[in-house]
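Below, each chain spelled out in residue letters.
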Amino acid sequence: MSHTATDTEPTQPPPCDDHAFFGQPRGLMTLSGLEVWERFSFLGMQAILVLYFADTVARGGMGMEPGTAASVSAAYGTLVYLVSVAGGWLADRILGSYRAVLYGGILIACGHYAMAVPSDAMTWTGLGLISAGTGLLKPNVATMVGKLYRTADERRDAGFALYYMGINIGAFLGPLVTGWLGDHASWHWGFSAAAVGMTLGLIQYVLGRRHLAGRKHSAEFALEPAPMRRAVRLIVIGAVVVAAVATALALAGWLTMGRFVDLLTLVSVIAPVVYFAVMFRSPRVTGEERGRLRPYVVLFLASVVFNFILFQAYSTMMLLASTNARTEILGFHFPASWYASALGAFEVALAPVVAAVWARMGPRQPHASNKIAIGVILGGLSFLLMVLPTSGHTGDTYRMAAWWIVGSYLLLGLGDILLETSGMSATTKLAPKAFASQTMALWFLSLALANGIQAQVVKLYGEVSNPAYFGVNGAIAVVAGVAVVAAAPWLKRTMHPVH
């Protein structure tokens, strides 16, 4: 029986790798490099996706109404994070992390290449491939980073900081390239750049595979041969049946784009409810663990509220920037989609500052629940800020100064740093031991629900005034953040061991 290179290679990196990348394992460079290019392609595409949907057919767009364009874009995000829940299971039980990331990256690249073809059918095909690929890749790269370190390795936090910096570098660079091509050539040239970026990420991932820990042919918690064959058979049959039914319903005129968006929203609401119900009722969850789940529900909802605002940085905020913001700073003209790069730039710049502040404060730093609450409040303030320049104006005849959008993204970026780091850490500590391997799934469900709610709310964009839209949504987020602050005494008491 023949063996692949992956079968015969050792599962651990060479000893000389351990401090080869700024004092970190060399495999961190491979995985960070992959994330730079994955975020370059994903967020680069997302920065122009809603503009492509809303642009006229004559200019190469799809001619959607602004609210519809934002809703479809949000539904795509919902699908990505729902699939990510399944992606973690497939890596654990069938594919293994290395192959899950590799196959996911290939699907993403194929999806972007499909979107480079100027055809509506290829656009939808491409988005489907990217959703499936991101669902395989995204939840498993972070897992592979964790495998580079021993449990007690004090470099772990610093390693993840470098890894997340790579994510934000990609988030900064992607919209710059795709936005310029979309503005100066065509939207499909922008999608082509995303495809090339993902291809480069895959090449360096494969070339650097010997520096990765735990890379092996089989999954870490693989199913037995018979159950695995049955699972694969059910997955394939299920996919074919779903595709056939969806096609039939679409041809019959029942499964419209609007109903598909509504269906995804419904699934995004039901999935976390079922997930929490299973955990609360599971006999494998102790009474103490069940007690810690209650405060986590509050933090989960706080994450939903914040990410509902955050994800609109690539939808309604992009639409607002394209119609009502100046696209020049100090005489330099730029595409409206470049505003999306500000978010990544602020997170790259502010993350070390925030880390230094917490380190300096030591035990005096705020409790995790308060950090999350502050993040939610900052997210709400980023929307409330937009009430000022949009008040007293209608239509797209006025242009606000660029600094308004940039200031909004500054607040949003700082809020993201505070909430995401504390939220993910709290997730891993509060999850019951019986569900420890599924903590990423729980976090992704909060992101899916945020997108699912966004897919419905953004339909109001363009239907109500901009001050009303941003003011009401921002106020709700601020109130939610204040409510978490008010619940801080109870949260501190019930969230042990989170400090």
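Here the structure is shown first, and the text comes after it.
Residues numbered from 1 in each chain as written. Predicted model: local features only at pLDDT ≥ 70, side-chain atom pairs only at ≥ 80, totals over all residues. Heavy atoms only, no water.

### Let's talk about the pattern of salt bridges
At step 1: All told, the structure shown has five salt bridges when counted by the stated rule.
At step 2: Note that glutamate 38 is salt-bridged to arginine 39, the shortest N-O span being 2.7 Å. Pair check on accessibility: glutamate 38 and arginine 39 agree, each one buried.
At step 3: The partner of arginine 292 in a salt bridge is glutamate 288, with the nearest N and O atoms 3.2 Å apart. Of the two residues, arginine 292 and glutamate 288 are both situated in helix H10 (residues 287–310); the distance of four residues between them amounts to about one turn of the helix.
At step 4: Taking relative accessible area as the criterion, glutamate 288 reaches 57% and is therefore assigned exposed. (Salt bridge = Lys/Arg side-chain N within 4 Å of Asp/Glu carboxyl O. Buried < 20%, exposed > 50% of the residue type's maximum accessible area, 1.4 Å probe, protein only. Helix = DSSP H or I, 4+ residues; strand = E, 2+ residues; numbered from the N terminus.)

### Overview of helix H3 (residues 66–95)
At step 1: Helix geometry: H3 is bent most strongly at tryptophan 89, by close to 30°.
At step 2: Positive backbone phi, approximately 85°, marks glycine 96, located one or two places after H3. (Bend = angle between axes of the 7 residues up to and from the residue.)

### Quick word on the packing of helix H2 (residues 27–54) against helix H4 (residues 97–115)
At step 1: With their axes 12 Å apart at the nearest point, H2 and H4 run at an angle of 35° to one another. Regarding H2 and H4, the two cross each other, and that crossing is left-handed. Each of Leu34, Glu38, Ser41, Phe42, Met45 and Leu49 in H2 lies in contact with H4, whose residues at this interface are Val101, Ile108, His112 and Met115.
At step 2: Of the residues belonging to the contact of H2 with H4, the class tally is seven nonpolar, two polar and one charged. (Axes fitted to C-alpha atoms, helices over the stretch in contact; angles between N-to-C directions. Left-handed = near helix turned anticlockwise from the far one by under 90°. Contact = heavy atoms within 4.5 Å. Nonpolar A, V, L, I, M, F, W, Y, C, P; charged D, E, K, R; others polar.)

### Quick word on the nonpolar core
At step 1: Counting residues in each nonpolar core, the largest one holds 93 residues, and the members touching the most others are Met45, Leu49, Phe53, Tyr339, Ile405 and Tyr409.
At step 2: When neighbours within four sequence positions are excluded, phenylalanine 53 is seen to be in contact with Met62, Gly63, Met64, Ala69, Val72, Ser73, Thr123, Trp124 and Leu127.
At step 3: Counting residues in hydrophobic clusters, the runner-up holds 24 residues, among them Leu28, Leu102, Phe160 and Leu212. (Core = buried A, V, L, I, M, F, W, Y, C linked by side-chain atoms within 4.5 Å.)

### Focus on H2
At step 1: Its 28 residues place the ends of H2 41 Å apart at the C-alpha level, agreeing with the 40 Å of an ideal helix rising 1.5 Å per residue.
At step 2: At isoleucine 48, H2 shows its largest bend, some 30°.
At step 3: Of all 28 residues making up H2, 25 are buried, and the element is well covered by its neighbours. (Expected span 1.5 Å × (residues − 1).)

### A word on the packing of aromatic side chains
At step 1: One pass over the structure, following the stated rule, counts 18 aromatic pairs.
At step 2: A ring pair is formed by phenylalanine 334 and tryptophan 338, whose centres lie 6.4 Å apart and whose planes are at 10°; its orientation type is stacked.
At step 3: Given a relative accessible area of 10%, phenylalanine 334 falls into the buried group.
At step 4: An angle of 85° between the planes, with centres 5.4 Å apart, marks the rings of tyrosine 469 and phenylalanine 470 as edge-to-face. Across the pair, phenylalanine 470 and tyrosine 469 agree in class, each one buried.
At step 5: Ring pairs connect the aromatic residues Tyr52, Phe53, Trp124 and Phe191, which therefore count as one cluster. (Phe/Tyr/Trp six-rings, centres within 6.5 Å; stacked < 30°, edge-to-face > 60°.)

### A few points about unusual backbone geometry
At step 1: Phi is positive for leucine 330, close to 55°, though the residue is something other than glycine.
At step 2: Secondary-structure assignment places leucine 330 in the loop between strand E1 (328–329) and strand E2 (332–333).
At step 3: What makes leucine 330 exposed here is its relative accessible area of 87%.

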